[in-house]
Amino acid sequence: MHELSIVEALIDQVNREVDQAGQSGPVRRLALSIGRLSGVHPDSVRFAFELLTQNTSMEHAEIVIEEPKAVCRCRVCGVPTEIDELVVQCPRCAAADIVIEGGRELLLQTIEIEESTP
Ligand SMILES: [Zn+2]
């Protein structure tokens with residue numbers, strides 16, 4: 001499951017950003033963007049996250065995952081089509097002269113940290 005190493009890297013990134021922000025409180029919420037064509041399964045990410053954050057400041061963080069679609073742009077009919085899976089031809093006119101845009105991103109969007117009580 002390659003999601004494990006992805007989530008490991010993600011946790012490192014969160015820790016760095018929390019550090020840089022001078023925070024230490026527990027992470028309350030994380031928002032991720034995982035494109036439909038990224039080959040990463042949100043369920044596996046949640047599972048890996050639970051596994052890897054046990055007994056850390058992220059243990060109880062809520063994970064919000066957005067799954068942006070990709071767009072297939074056809075150079076023959078010119079119609080952009082939203083797609084959930086990789087295609088090799090235009091879903092409208094079946095031309096092979098297409099460009100796939102987006103859908104492969106794997107981004108950490110926001111980190112919400114519990115207000116620390118003084
Ligand atoms: Zn087309």
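Criteria and cut-off values
Residues numbered from 1 in each chain as written. Predicted model: local features only at pLDDT ≥ 70, side-chain atom pairs only at ≥ 80, totals over all residues. Heavy atoms only, no water. Pairing = 2+ DSSP bridges. Helix = DSSP H or I, 4+ residues; strand = E, 2+ residues; numbered from the N terminus. Axes fitted to C-alpha atoms, helices over the stretch in contact; angles between N-to-C directions. Contact = heavy atoms within 4.5 Å. Donors = N, O, S within 2.8 Å, 3.2 Å for Na, K, Ca; no water. Buried < 20%, exposed > 50% of the residue type's maximum accessible area, 1.4 Å probe, protein only. Core = buried A, V, L, I, M, F, W, Y, C linked by side-chain atoms within 4.5 Å. Arc of directions from axis to C-beta.

*Asks:* Quick rundown of the sheet that holds strand 6 (residues 106-113)? Include the residues and the values.
*Replies:* With mixed pairing, three strands are arranged side by side in an open sheet as 2-1-6. Either end of the sheet is taken by a strand with one partner, and the two such strands are strand 2 (62-66) and strand 6. Along the sheet, successive strands turn relative to each other by an average axial angle of 15 degrees, direction set aside. As defined by bridge partners, strand 1 (residues 27-34) adjoins strand 6 across seven bridges and the pair is classed as antiparallel. Residue pairing across strands places Leu32 opposite Leu108, the latter belonging to strand 6. Taken strand by strand, helix 1 (residues 3-20) contacts strand 1 and strand 6, and its axis lies near 45 degrees from that of strand 6. This element, helix 2 (residues 42-52), spans strand 1 and strand 2 of the sheet and lies at about 160 degrees to strand 2.

*Asks:* Which residues make up the coordination of the zinc ion, and what values go with them?
*Replies:* Bound to the zinc ion are the protein donor atoms Cys74 (SG), Cys77 (SG), Cys90 (SG) and Cys93 (SG), situated 2.3 Å from the metal. When the donor residues of the zinc ion are listed from N- to C-terminus, their spacing reads C-x2-C-x12-C-x2-C. For Cys93, a relative accessible area of 34% corresponds to the partly exposed category.

*Asks:* Give me the nonpolar core: which residues, what numbers.
*Replies:* Counting 19 residues, the largest nonpolar core has Val14, Val27, Leu30, Leu32, Val45, Phe49 and Met58 as the members making the most contacts within it. The dominant element in this core, judged by the number of residues it contributes, is helix 1, at five residues. Membership of the second largest hydrophobic core comes to eight residues, among which are Leu37, Cys90, Ala95 and Ile98.

*Asks:* A description of helix 2 should follow, citing residues and the corresponding values.
*Replies:* Of all the residues in helix 2, the buried ones are Pro42, Ser44, Val45, Ala48 and Phe49. Buried residues along helix 2 cover an arc of 155 degrees about the axis, so they all sit on one side. Facing away from the buried side of helix 2 by over 90 degrees, the exposed positions are Asp43 and Glu50. Check the buried side of helix 2 and you find it contacts helix 1, strand 1 and strand 2.

*Asks:* Explain the sheet that holds strand 5 (residues 98-101) residue by residue, including any values.
*Replies:* As a general point, the strands of a sheet are linked pairwise by backbone hydrogen bonds and lie either parallel or antiparallel. Read across the sheet, three strands follow the order 4-3-5 without closing on themselves; strand pairing throughout is antiparallel. Edge strands, defined here as strands with exactly one partner in the open sheet, are strand 4 (80-83) and strand 5. Along the sheet, successive strands turn relative to each other by an average axial angle of 25 degrees, direction set aside. In terms of strand pairing, strand 3 (residues 70-74) meets strand 5 through four bridges, oriented antiparallel. Bridge assignment links Arg73 to a residue of strand 5, and that residue is Val99.

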